[in-house]
Amino acid sequence: MCANSQGLTARELMSLFDSGYRDVAVMLYRAYIDDSSDGKHQVVMVAGAIVGTHQQWMKLRKKWKKRLKQDGLDYFRSSEYRSLRGQFQKFCNPIKYPIPRGSEAAKAVRDDLDEIIRTSGVMGMSNVIPLEMFRGIVSVPEIRHRFNPDPFSAVMQAVMRDVVMYIRKHFGDNHLISFVSDDGPNAHLYLKAYQDFK
């Protein structure tokens with residue numbers, strides 16, 4: 001199969017499903033997933049997904065990169081924005097950004113990126129697991145087998161399930177969903193959660 005910069009052609013896509021042009025078309029949705037928790041993993045575990053079509057993601061990505069480039073940023077990471085570290089360290093320059101201009105400039109970047117997401121047509125969803133309650137539930141022998149005992153995997157699988165259920169409910173069963181994560185330190189955990197989910 002050949003790929004091009006525009007993605008798959010209709011013929012290539014149909015060949016993946018052994019389909020012809022008169023068959024039902026399948027839409028591929030892409031869900032970008034990520035996790036978060038309190039620093040010591042004592043209060044909550046959170047997983048979120050942003051779901052959209054290829055076309056929605058292409059438009060979003062183009063605007064996103066253009067906005068980052070405007071301030072000389074390579075990527076956006078919330079923790080770096082909040083702490084003015086990493087990519088956002090430049091906003092701490094007291095000559096170029098006297099207080100509070102640095103924080104205001106960083107917030108303008110974040111607000112613009114938020115608006116790009118909000119107007120793109122992609123949809124977000126998340127799950128939160130209160131960890132004290134979760135640990136209490138999985139400690140009960142009679143119901144332990146119903147839950148993944150690892151709260152990280154449990155919350156990731158819950159958000160994956162919700163993405164699948166939403167797509168099926170609103171668009172039917174003839175669609176595919178790819179789950180995408182960054183290649184950070186938790187990437188192997190995302191993969192394991194997905195493999196257990198399938």
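Procedures and definitions
- Residues numbered from 1 in each chain as written.
- Predicted model: local features only at pLDDT ≥ 70, side-chain atom pairs only at ≥ 80, totals over all residues.
- Heavy atoms only, no water.
- Helix = DSSP H or I, 4+ residues; strand = E, 2+ residues; numbered from the N terminus.
- Contact = heavy atoms within 4.5 Å.
- Core = buried A, V, L, I, M, F, W, Y, C linked by side-chain atoms within 4.5 Å.
- Buried < 20%, exposed > 50% of the residue type's maximum accessible area, 1.4 Å probe, protein only.
- Phe/Tyr/Trp six-rings, centres within 6.5 Å; stacked < 30°, edge-to-face > 60°.

Draft legend 1. Examining the overall build of the protein chain more closely. Secondary structure summary: the protein chain contains eight helices and four strands in total. When the helices and strands of the protein chain are listed from N to C terminus, the series reads α-β-β-α-α-α-β-α-α-α-β-α. Considering only contacts within the protein chain whose residues lie at least 6 apart along the sequence, 61% involve residues at least 24 apart.

Draft legend 2. Geometry of the nonpolar core. By size, the foremost hydrophobic cluster in this structure holds 22 residues, and its most contacted members are Ala49, Val51, Ile129, Val155, Met156 and Val163. Of all the elements in the fold, those that place two or more residues in this core are β1 (27–37), β2 (44–53), β3 (123–130), α5 (131–138), α7 (151–171) and α8 (187–197). Looking at which element gives the most residues to this core, the answer is α7, with eight residues. The residues contacting Ala49, other than those within four sequence positions of it, are Tyr32, Ile33, Met123, Gly124, Met125, Val159 and Val163.

Draft legend 3. Structural detail: the packing of aromatic side chains. By the definition in use, this model includes 12 aromatic pairs. Where Phe88 meets Phe91, the ring centres are 5.6 Å apart and the plane angle is 35 degrees; that geometry is what we call tilted. Relative accessible area serves as the criterion here: at 0%, Phe88 is assigned to the buried category. On the basis of relative accessible area, Phe91 is assigned to the buried category, the value being 1%.

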